[in-house]
Amino acid sequence: MQPPESEQQTDDAQHDEAPQEMEALSLEQQLADARQQRQECFDALLRSQADFLNYKRRALQDQAEARVAAQQELLEKLLPALDDLGRALEAAPAELAEQPWVQGLHLVARHLAMTLQQLGVRQIGSPGEAFDPHRHEAVMTERRADLPEGTVIEVTRPGYALGDRVLRPSQVIVAAAPETTAVAPTDG
Amino acid sequence: MAHVLGIDLGTTNSVTAIIEAGEPTVLENSEGARLTPSVVAITKSGERLVGQVAKRQAVTNPENTVYSIKRLMGRKFDDPEVQRSVKEVSYKIVRAANGDAHVSLAGREYSPPEISAMILQKMRTDAESRLGEKITRAVITVPAYFNDAQRQATKDAGQIAGLEVLRIINEPTAASLAYGLDKKHDETIAVYDLGGGTFDISTLQLGEGVFEVRATNGDTHLGGDDFDQRIVDWLADEFKRDQGIDLRRDRMALQRLKEAAERAKIELSSTMQTEINLPFITADSSGPKHLVMTLTRARLEQLVGDLIERTRGPVMQALKDAGINAKDVNEVILVGGQTRMPAVIELVRSIFGKEPHKGVNPDEVVAVGAAIQAGVLQGDVKDVVLLDVTPLSLGVETQGGVMTKLIERNTTIPTRKSEIFSTAEDSQPAVDIHVLQGERELSRDNKSLGHFRLEGLAPAPRGLPQIEVAFDIDANGILNVTARDKATGREQKVTIKASSGLSQEDVQRMVREAELHAQEDRQRKEEIEARNHADNLAYQAERTLRDMGDRISASLRGDVESSIKAVRDALGQQDTARVRSAADELERTMQRIGQEVYSQAGAGTGPGAGYGPGGSDGAGTPPPPRDEPDTVEGEYREV
């Protein structure tokens, strides 16, 4: 075997090794490419799995929320009729109060109220509370000297909540300050 | 992969949507609503409110509650539109140092972009908590007639809200995207947008995937609210005529009228008449008063006819400005809640002589289009791979000629599913795997994709071997079916190419046929299952007799034997009822074996000569009931 340092031979050797080198390089390149591709595929796989798990998690969440939303929708539709019943009872003439039929009607209304309560529905909003737009909807203001500004004076239509979720805010009349508040400072 | 939000920042309401798994989805806000009122307020205590909550306190805080801020975006104080707002709105509009219109709230000046940014901020925060990820980018829509200053103002608003606005797109363009119109070629599109407070008509020209706005027109103060008002006035007028009281003077009654009017209007889009029922609407000295009236669709159309007709002028003008005839318009799109009204659709239809697109929720269509654009710009997704589904169910033939499905139709591929089956006869040396495709219950009614055998099974009582059958479909739709005997490890498989399936029509036909024959197929299947069950029972009984030997009294043995014979005879006939009753009889008779054996004192230590396939328990448990989902019996049985 010839010593590798010989120039002549090196030239020849180089000449012979060139294609092999190229082949080796090409293989190395291919290997590198393959590795990268594998990494990309693996990455895509992980993302896909992650997306799936996230979707599952959200799907469960959505399902739970959908149930609540469906209940909410159903109850919301019943509320106007409930309001009307409330109005009817409020307007009951005093002289008929002892009449059995009228009393029966009150019992029916009470039954309905109990059922709603059992479903987790409760009334929200009462006079004296501080106005809170999360629970109340202001339909009118009234200047009052005897009440702090922003107090609920009257509930004109009751609000309801299911659990801690507001089904419908109560419509209220809110106390305003007795004299006009100072106009906002004029712009500069 | 962070989502890019598509946001419709509207005058009255705003909507957010994203693309999820290739589909646009409207995101609910924190209150669970898909629409967020474009209202901002600063309370006396300095709290900032946005959306429905801000709306609710408007009456208590009118100077510091801002709505319709879009009318001020990018405009100078002297702009006529701004001046009109100055007269109409409850909050203070002021001239900024540079001549722009600004809003004065709680002693501070705000530019319209700052106000809009508060709305965008809420949309963003709500989206983030719903999606569980940070959002930093958005696509926001603007009216086609917005000039540079107005577009820049919108972009600024986004930036203030912490959003990189990837693009500002025109609302009619967004609507076109929502209907997939960008896939068409060289089309003229008209977008008719009738919302809560404004009317906009736009004509677009689509060419080479690019939308060009040709002309716009409209009425900035015409919308659904005006329609509602007509109904309120009608109700109040009728009531006044009947009962002598003007309900408009009663604040609470007016409130109820407004709500009822809106509900009635919506009802009448899908019914011909509706009742407006407002008991105890007011009261006077003679007692409570009720309002009960019927509003027909015809009457409603009379009441609002002129409002609808008012949209015609701007439409014709826009066409004229674009230099086209109504008939030249290829596609018409409806946007805005009020376009749900049949009379409005009819007007559009009559002007353009064609059916308008209305499948996408008109309140949400612009946001959906923005989301679609956002999805395109999202870019993170490398080559969204569209996955196929397998169009028909795949399975194998099991005992009695029934098809047992392994992969349901419309399952996304690639996918893999395997189940364990077993043998139907004692010492069965091989199993036949018959691969089927289709929806019918009986294998003969389905398409056969291939057959193969797995041989070399060790001799064993039927039901004991565990043959794992796996169906593996790759992304190209190529199906590999493998059968492997868990005991010996022997395996056989067959590869079925995708094209050996069926065409679209075939698929639809097969699904239809399956539905038509569902009833009789089910019955057939039940009959087969009854037979399989009876056959099993007879086999078990025979084994038990053998295993129990002389622990069973002669008389009982005789009874069991004749019950078995009755079952086998019944199986020889085609009478399923007879098979069923014979099987029940046999089951009852077999119960007596247990009773007899246990009543023999101290006899319980016998070896576990169980009835079950595995023979694992010594108790006289009958074979699993046939309606348990896991025990499908086949030519080889599932364990």
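Computed from a predicted model, the values in this text were never measured in an experiment. (Residues numbered from 1 in each chain as written. Chains lettered and ligands numbered in written order. Predicted model: local features only at pLDDT ≥ 70, side-chain atom pairs only at ≥ 80, totals over all residues.)

A. Representation of the overall build of chain A. Summing up its helical and strand segments, chain A has two helices and six strands in all. Starting at the N terminus, the α and β elements of chain A follow one another as α-α-β-β-β-β-β-β. Relative to its 188 residues, chain A shows a buried fraction of 13%. Within chain A, contacts between residues separated by at least 24 positions form 63% of all contacts whose residues are at least 6 apart in sequence. (Helix = DSSP H or I, 4+ residues; strand = E, 2+ residues; numbered from the N terminus. Buried ≥ 20, exposed ≤ 12 C-beta atoms within 10 Å, placed from the backbone. Contact = placed C-beta atoms within 7 Å.)

B. Inspection of the overall build of chain B at higher detail. When you go through chain B residue by residue, the secondary structure sums to 15 helices and 28 strands. Expressed as a percentage of the 639 residues in chain B, the buried residues total 41%. A sequence separation of at least 24 residues applies to 65% of the contacts in chain B between residues at least 6 apart.

C. Quick peek at the interface of chain A and chain B. Listed per partner, the contact involves 20 residues of chain A and 19 residues of chain B. Sorting the residues of the side of chain A that touches chain B by element identifies α1 (7-90) and β2 (136-143) of chain A as the ones contributing at least two each. In terms of residues, the side of chain A that touches chain B owes the most to one element, β2 of chain A, which gives six residues. Taken together, the residues that form the side of chain A that touches chain B break down as 12 nonpolar, four polar and four charged. (Nonpolar A, V, L, I, M, F, W, Y, C, P; charged D, E, K, R; others polar.)

D. Highlighting helix α4 (residues 148-160) of chain B. Residue and element names in this part refer to chain B. Here α4 spans 18 Å end to end across 13 residues, near enough to the 18 Å set by a 1.5 Å rise per residue. For α4, the elements touching its buried residues are β1 (4-9), α3 (112-131), β11 (137-142) and β12 (164-170). The positive-phi residue at the C-terminal boundary of α4 is G162, with phi of around 80 degrees. (Expected span 1.5 Å × (residues − 1).)

E. Molecular detail of the nonpolar core. All names here are of chain B. By size, the foremost hydrophobic cluster in this structure holds 111 residues, and its most contacted members are V66 and A370. Sorting elements by how many residues they give to this core places helix α11 (residues 365-378) first, with eight residues. Within the second largest apolar cluster, 19 residues are counted, among which are V396, I407, I433 and I473. (Core = buried A, V, L, I, M, F, W, Y, C linked by C-beta atoms within 7 Å.)

F. Broad picture of the sheet that holds strand β15 (residues 210-219) of chain B. All names here are of chain B. Reading across from one edge, β15-β14-β13-β18 is the order of the four strands in this open sheet, with mixed pairing throughout. Edge positions in the sheet fall to β15 and β18 (331-335), since each of these pairs with one other strand and no more. Strand-to-strand, the axes of this sheet are offset by a mean angle of 20 degrees, without reference to chain direction. Judged from the five bridges that link them, strand β13 (residues 187-194) and β18 form a sheet pairing that is parallel. Bridge assignment links A190 to a residue of β18, and that residue is V332. On the sheet, helix α9 (residues 312-322) packs against β14 (199-207) and β15 and is oriented at approximately 140 degrees with respect to β15. Packing against the sheet, helix α10 (residues 342-352) makes contact with β13 and β18, and its axis sits at approximately 160 degrees to β18. (Pairing = 2+ DSSP bridges. Axes fitted to C-alpha atoms, helices over the stretch in contact; angles between N-to-C directions.)

G. Just the packing of helix α6 (residues 224-243) of chain B against helix α8 (residues 297-309) of chain B, in detail. Residue and element names in this part refer to chain B. Between α6 and α8, the shortest axis-to-axis distance is 9 Å and the interhelical angle comes to 150 degrees. Relative to α8, the element α6 lies roughly antiparallel. Here the hand of the crossing between α6 and α8 comes out right-handed. Between α6 and α8, the contacting residues are D226, F227, R230, I231 and W234 on the first element and L303, V304 and L307 on the second. (Parallel < 35°, antiparallel > 145°, perpendicular 65-115°, else oblique. Left-handed = near helix turned anticlockwise from the far one by under 90°.)

H. Quick look at helix α2 (residues 100-118) of chain A. Residue and element names in this part refer to chain A. For α2, built from 19 residues, the straight-helix expectation of 27 Å at 1.5 Å per residue is met to within 8% by its first-to-last C-alpha distance of 27 Å. With zero of 19 residues buried, α2 is to be regarded as a mostly surface element. Positive phi shows up at G120, right after α2, with a value of about 95 degrees.

I. Representation of the sheet that holds strand β10 (residues 108-110) of chain B within the structure. Residues and elements named next belong to chain B. Taken together, three strands build an open sheet; the order of strands is β8-β9-β10 and the sheet is antiparallel. Of all the strands in the sheet, just β8 (92-95) and β10 have a single pairing partner and so form its edges. With strand direction ignored, the average angle separating the axes of adjacent strands in the sheet is 45 degrees. Bridge count between strand β9 (residues 101-105) and β10: three bridges; the pairing is antiparallel.

J. Examining the packing of α6 of chain B against helix α7 (residues 251-267) of chain B more closely. Residues and elements named next belong to chain B. Look at α6 against α7: their axes get within 9 Å of each other, and the N-to-C directions meet at 115 degrees. Both α6 and α7 take part in a crossing whose hand is right-handed. Residue-level inspection shows F227, D228, I231, V232, L235 and A236 of α6 in contact with α7, the latter providing L257, K258, A261, E262, A264 and K265. Partitioned by chemical class, the residues of the contact of α6 with α7 number eight nonpolar, no polar and four charged.

K. Spotlight on the environment of E346 of chain B. Looking at where E346 of chain B falls in the secondary structure, it is placed in helix α10. Distance from E346 of chain B to P356 of chain B, taken between C-alpha atoms, is 9.4 Å for residues 10 residues apart in sequence.

L. A look at the environment of A161 of chain B. Residue position: A161 of chain B is located in the loop between α4 and β12. The spacing of A161 of chain B and L120 of chain B is 41 residues in sequence and 6.1 Å in space, taken between C-alpha atoms.

M. Expanded view of the confidence of the model for chain B. Summing up the model confidence of chain B, the mean pLDDT is 88 and the portion of residues at 70 or higher is 92%. Counting contacts from residues 603-639 of chain B, a segment whose pLDDT is below 50, to residues more than four positions away or on other chains yields 78 contacts. (pLDDT = per-residue confidence, 0-100.)

N. Up close: the confidence of the model for chain A. When pLDDT is averaged along chain A, the result is 84, and 86% of the positions lie at 70 or above. Below pLDDT 50 for its whole length, residues 1-10 of chain A participates in three contacts with residues either more than four positions away or in separate chains.

O. Representation of the pairing of strand β6 (residues 170-176) of chain A within the structure. Residues and elements named next belong to chain A. Counted residue by residue, β6 has seven buried out of seven residues, so it is predominantly covered. With burial as the criterion, each face of β6 is covered, one bearing S170, V172, V174 and A176 and the other bearing Q171, I173 and A175. For β2 and β6, the ladder comprises seven bridges, and the chain directions are parallel. The partner of A138 across the bridge, within β6, is V172. The pairing of strand β3 (residues 152-157) with β6 spans four bridges and is antiparallel. Bridging across to β6, R157 finds its partner in Q171.

P. Up close: unusual backbone geometry. Residues and elements named next belong to chain B. I413 connects to P414 through a cis peptide bond whose omega is 5 degrees. You can see P414 is positioned in the loop between β22 (411-412) and β23 (415-421). Residues other than glycine seldom take positive phi values, yet S68 does so here, at roughly 50 degrees. By the element assignment, S68 lies in the loop between β7 (65-67) and α2 (80-88). A positive phi angle is found at F280, which is not glycine, with a value near 55 degrees.

Q. Representation of the environment of D226 of chain B within the structure. Residue and element names in this part refer to chain B. Along the chain, the position of D226 falls in helix α6. Note on D226: 17 C-beta atoms within 10 Å, which makes it partly exposed. D226 sits 29 residues away from G197 along the chain, and the two C-alpha atoms are 7.7 Å apart.

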